[in-house]
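# Analysis of the macromolecular model
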Amino acid sequence: MANSIHVTACDNELIIIAYQGTASYEIGRILSGNNNQVDVTFSITNGPFMGSMTFSNVYTPIGAKVNTCLPAGNYSLLLLGVNWGLTTNFKVNVNGTDYNSSGISGLGLVYNPGPISITI
């Protein structure tokens, strides 16, 4: 069964990292803004890591379904949200649980609801 990370809002930048005692893997990065629609799903299954995926467009909607792999094991998942200015909005669902944040924030790292445990 795949682990699922579904991102439906990202203002401004979201970095998704899975780590364990021996390694870390950047699963993906989304750069968006201007209240543009985001609909990106990462499905993670067992296998050799295939590299990170980046989606960047601050002027138009972003949508994608990505299949990626991580070696079997227990991981902590980090969702790191960066604000470049003004308001923020992050909506992420991991395996059925919502991790959302929005509002007026300072600059820099403004969203980090983890670590979130996943098993591959």
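As a starting point, this report considers the structure included with it. The structure displayed is predicted, hence computed values, not measured ones.

Rules and cut-offs
The residue count restarts for each chain, going from 1 along the sequence in the order it is written. Per-residue local features of the predicted model are confined to residues with pLDDT of at least 70, and side-chain atom pairs are confined, for both listing and counting, to 80 or more; whole-chain, interface and lining totals are unaffected and use all residues. Note that water and hydrogens are dropped before the side-chain values are worked out from all heavy atoms of the structure. In DSSP terms, a helix is any run of H or I states spanning at least four residues, a strand is any run of E spanning at least two, and both are numbered starting from the N terminus. Radius of gyration here is computed from C-alpha atoms only, and the compact-globule reference equals 2.2 Å multiplied by the residue count raised to the power 0.38. Classification of residues uses two cut-offs on accessible area relative to the type maximum, computed with a 1.4 Å probe and protein chains only: under 20% is buried, over 50% is exposed, and between them is partly exposed. With residues, only the protein chains shown are counted as cover, and all accessible areas are computed by Shrake-Rupley using a 1.4 Å probe. For Phe, Tyr and Trp, where Trp contributes only its six-membered ring, two rings pair if their centres lie within 6.5 Å, and the inter-plane angle classes them as stacked under 30 degrees, edge-to-face over 60, or tilted in between.

This part takes up the overall build of the protein. Per the secondary structure count, the protein includes 0 helices and 10 strands. Here the protein has a C-alpha radius of gyration of 14 Å; the compact-globule value for 120 residues is 14 Å, and the two agree. With respect to the three principal axes, the spread of C-alpha positions in the protein is 40 × 25 × 25 Å. The 120 residues of the protein split such that 43% are buried. Of the accessible surface of the protein, which amounts to about 6100 Å², a share of 52% is contributed by carbon and sulfur atoms.

The way to describe two aromatic rings as a pair is by their centre distance and the angle between their planes. Evaluated as defined, the whole model comprises 4 aromatic pairs. Seen from their ring centres, Tyr25 and Tyr75 are 6.1 Å apart, and the 65 degrees between their planes marks the pair as edge-to-face. Highlighted residues: Tyr25 in strand β2 (residues 23-32) and Tyr75 in strand β6 (residues 74-83), separated in sequence by 50 residues. Assigned by exposure class, Tyr25 and Tyr75 land together as buried.

A cis amide bond links Gly114 with the next residue in sequence, Pro115, at an omega value of 5 degrees. Its place among the elements puts Pro115 in the loop between β9 (108-111) and β10 (116-119). Backbone geometry at Asn95 places phi at a positive 50 degrees, although glycine is not the residue there. By the secondary structure assignment, Asn95 is in the loop between β7 (87-94) and β8 (97-104).

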